[in-house]
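Inside the fold
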Amino acid sequence: MNHFDSIQRVTWDVVANTMGFDATWSPADGSETQSARVLLKEPTKDYELAGVNYTPLTFIAEYFQPDWAGLYDSVAGGNSETITINGVDYYVQHITAINDGRNYRAVLQRVS
């Protein structure tokens, strides 16, 4: 691992360990459950948009490669995947690679 990659990983670990949440993914193909620390953005307040109250419903989780190896490809392949963050289940709607492609942003829907 080169020097930049090492610094990037250490930085992610510090942020995730300080502000992140424990999470698991049990792949739809039945393979072994994987754990990771993720950042979670939950909708928390109403906004006014064009004079109308708007309540955002989007949950977003960010995780760092190589955590959850295969999740991105599985979701891109059309598989229905579920992750659990702090004991709450979420369907993964889609995932985008961000920044240099080692961070992933997953748009989630809370399982009701």
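What counts and how
Every chain begins its residue count from 1, and numbering advances along the sequence as written. Restriction of local features to residues with pLDDT of at least 70 applies here, the model being predicted, together with a cutoff of 80 or more for giving and counting side-chain atom pairs; totals for whole chains, interfaces and linings are based on all residues. Note that water and hydrogens are dropped before the side-chain values are worked out from all heavy atoms of the structure. Only Phe, Tyr and Trp rings are paired, with Trp represented by its six-membered ring, and only when their centres lie within 6.5 Å; those with planes under 30 degrees apart are stacked, over 60 edge-to-face, the remainder tilted. Put simply, DSSP marks the helices as runs of H or I at least four residues long and the strands as runs of E at least two long, and each gets a number from the N terminus on. Partly exposed residues are those whose accessible area sits between 20% and 50% of the maximum for their type, while under 20% is buried and over 50% is exposed, using a 1.4 Å probe and protein chains only. To define a nonpolar core, start from buried Ala, Val, Leu, Ile, Met, Phe, Trp, Tyr and Cys residues and group those joined through side-chain atoms within 4.5 Å. Contacts between residues were defined by any pair of non-hydrogen atoms, one from each residue, lying within 4.5 Å. A strand pair is defined by DSSP finding two or more bridges across the two strands. With axes taken as lines fitted to C-alpha atoms, and helix axes fitted only over the stretch in contact, angles between N-to-C directions fall between 0 and 180 degrees. For the purposes of these results, a polar contact is taken to be a pair of N or O atoms within 3.5 Å, where, inside protein, one atom must be able to donate a hydrogen and its partner to accept one; residues adjacent in sequence count only when each atom of the pair is a side-chain atom.

Before going further, it helps to examine the packing of aromatic side chains. How two aromatic rings sit relative to each other is given by the distance of their centres and the angle of their planes. One pass over the structure, following the stated rule, counts four aromatic pairs. For the pair Tyr63 and Tyr104, a centre-to-centre distance of 5.3 Å together with 20° between the ring planes defines the contact as stacked. Remark: Tyr104 occurs in strand 8 (residues 103–110) and Tyr63 occurs in strand 5 (residues 59–64); sequence separation between them is 41 residues. Here Tyr63 falls in the buried class, since its relative accessible area comes to 1%. Using a relative accessible area of 12% as the deciding quantity, one classes Tyr104 as buried. Measuring from centroid to centroid gives 5.2 Å for Tyr72 and Tyr104, while their planes differ by 45°, and the two rings are tilted. On the criterion of sequence distance, the pair formed by Tyr72 in helix 2 (residues 71–76) and Tyr104 in strand 8 is long-range, its members being 32 residues apart. Given a relative accessible area of 31%, Tyr72 falls into the partly exposed group. Connected via pairs of aromatic rings, a cluster forms that spans Tyr63, Trp68, Tyr72 and Tyr104.

By the secondary structure assignment, Gly70 is in the loop between strand 5 and helix 2. Residue classification places Gly70 among the partly exposed positions, given a relative accessible area of 37%.

Here the focus is the nonpolar core. Among the nonpolar cores identified, the biggest contains 19 residues, and Trp68, Leu71, Ile83, Ile85, Ile95 and Leu108 are the most heavily contacted of them. Counting only elements with at least two residues in this core, the list comes to strand 1 (21–25), strand 2 (34–41), strand 5, helix 2, strand 6 (82–85), strand 7 (88–98) and strand 8. Among residues more than four places away in sequence, those in contact with Leu108 are Leu40, Phe59, Ala61, Ile83, Ile85, Tyr90, Tyr91, Val92 and Gln93.

On the basis of which strands lie adjacent, the closed barrel formed by six strands has the order 1-2-5-8-7-6 and antiparallel pairing. Adjacent strand axes in the sheet meet at a mean angle of 45°, parallel and antiparallel pairs treated alike. Of the pairings in the sheet, the one linking strand 1 to strand 2 comprises five bridges and is antiparallel in character. By the bridge assignment, Asp22 is partnered in strand 2 with Arg37.

Below, the discussion takes up the side chain of Ser74. Along the chain, the position of Ser74 falls in helix 2. At a separation of 2.5 Å, a polar atom in the side chain of Ser74 contacts the side chain of Glu81. For Ser74, the contacting residues outside a window of four places in its chain are Asn79 and Glu81.

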